[in-house]
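Coordinate analysis (summary)
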Amino acid sequence: LARNPGEGEFHQAVLEVLETLAPVVTRHPEYTDQSVIERICEPERQLIFRVPWVDDKGNVQVNRAFRVEFNSALGPYKGGMRFHPSVYLGIVKFLGFEQIFKNALTGMPIGGGKGGSDFDPKGRSDGEVMRFCQSLMTELYRHLGEYTDVPAGDIGVGEREIGYLFGQYKRITNRYESGVLTGKGLAYGGSQVRKEATGFGTVFFTEQMLAAANKSISGKRVVVSGSGNVAIYAAQKAADLGAQVVACSDSSGYVYDGAGLDVDLLRQVKEVDRARISAYADERGSAKFVEGGSVWDVPCEVALPCATQNELGVEAARTLVANGVLAVAEGANMPCTPDAAHVFRDSGVLFAPGKAANAGGVATSALEMQQNASRDSWTFKHTEERLHQIMAGIHEGCATAAEEYGAPGDYVTGANIAGFLKVADAMLAHGVV
Ligand code: NDP
């Protein structure tokens, strides 16, 4: 704590991992002898830089940007960029730390990193977003490369932003290095299913978890929080598998739609019009908008928190349990507070931590890198099948590790141990570096 003052989210993420590793270090003293845990908690490199840009009124704006290159034991640093006013070093480090283990779980050759800026894209014109992205890349490009560090999207960074970042990288370097960014548009090296991957993957993991307990998602009521990239495609896949998705949200409140969410309308409102979620209820008779309300008050059997960290606290967890929730899968990174996660786990609710459940996004980013490296592009069907296999593999890896280390059915312990073992073994093999 004294080493990283004021970085609450980072402390929370580290504690969550370390408190599950006791059986591993007992069985493998070599990790302690080689200070693997101390090394894994310290980023290999952290960048903090100024991003000056000119707004539409001609005023100079100054933002701060970050890139934390956390661990390259398994491959080039890989992880998204987040644009949100709450971004500071502690958030980027928590996300980067989680990313190390998540990326290891996918079985793909990718290390862990994360970045972002306190830039708020809300209400900004396309021109402003472009000038901001160009200024950011004018510094960041020197630290990136398909063999070095490969950013992608996250909150506030979607295909539009990745396009502007890629255009500036290409211009500065005079290199068409497709594999330097993922989440690109299909016209210039993007992969089918990347946009859908995190949400789809979360639902595939949920399906596996329910199947292992002899249950199915079909016919269940599902509540999704957020209405961004992850939430939209989690809602779509859940509906495709026969669930009834009854609510979603944004930071202003939630929408309840008893007829089941109309995902096409949701996409129009959020992706095309870039409007607030209340606009969905304005367009749809069966829906009502509850301003300032908690989406977790809506009864459901499956809860998919897909908005942001610590959005689901202990009270909300108790409400969900009282309403009969069977499974919770974290589409977002660390959306449940530690106390909320304990409520679920202690109540026998199936609980999938983000580093396992939302790994489909980064896994498909790795598939995008693979296609870029081989100058190939795969069909939607083939890519979705790969994603499905990868999520089944992650589920299997977590379940097996949990079983082997004395915590059967505990996906939190299983995910942490399975991810840690991979990274730790690679670090041992590389020596003290
Ligand atoms: P988007 O920007 O597309 O959507 C974010 C959604 O969450 C919006 O509906 C937003 O509402 C809501 N939200 C954001 N901050 C808050 C807040 N402080 N309080 C309440 N609601 C909030 O982001 P993504 O869908 O890409 O990311 C969502 C989560 O999933 C994040 O935790 C991210 O790290 C994680 N994730 C994303 C991946 C991806 O591939 N995109 C991969 C793996 C994890 P509003 O517009 O009102 O702010």
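Above this text you will find the structure in question.
First, a word on what this report is: a plain description of the structure on this page. No experiment lies behind these values; they were computed from the predicted model shown. (Residues numbered from 1 in each chain as written. Predicted model: local features only at pLDDT ≥ 70, side-chain atom pairs only at ≥ 80, totals over all residues.)

Spatially, five strands are ordered β1-β2-β4-β3-β5 in an open sheet, and the strand pairing comes out mixed. Two strands close off the open sheet at either side, each with one partner strand: β1 (45–54) and β5 (149–152). On average, each strand axis in the sheet is tilted by 20° relative to the strand beside it, whichever way the strands run. Across six bridges, the pairing between strand β2 (residues 60–71) and strand β4 (residues 112–117) is antiparallel. By the bridge assignment for β4, R67 is matched with G115. (Pairing = 2+ DSSP bridges. Helix = DSSP H or I, 4+ residues; strand = E, 2+ residues; numbered from the N terminus. Axes fitted to C-alpha atoms, helices over the stretch in contact; angles between N-to-C directions.)

Glancing now at the environment of L350. Here L350 is to be found in strand β12 (residues 350–352). Taking the number of C-beta atoms within 10 Å as the measure of exposure, L350 has 20 and is therefore buried. Along the primary structure L350 and Q168 are separated by 182 residues, whereas in three dimensions their C-alpha atoms are 44 Å apart. The residues touching L350, leaving out its near neighbours within four places in the chain, are M209, L210, A213, L326 and A327. (Buried ≥ 20, exposed ≤ 12 C-beta atoms within 10 Å, placed from the backbone. Contact = placed C-beta atoms within 7 Å.)

Our next topic: the nonpolar core. Counting residues in hydrophobic clusters, the biggest one holds 134 residues, and the most contacted among them are V222, V224, A234, A235, C248, A356 and V423. Per element, the largest residue contribution to this core is 10 residues, and it comes from helix α17 (residues 411–430). Those residues in contact with A235 that lie beyond four places of it in its chain are V224, V245, C248, L261, V263 and L266. (Core = buried A, V, L, I, M, F, W, Y, C linked by C-beta atoms within 7 Å.)

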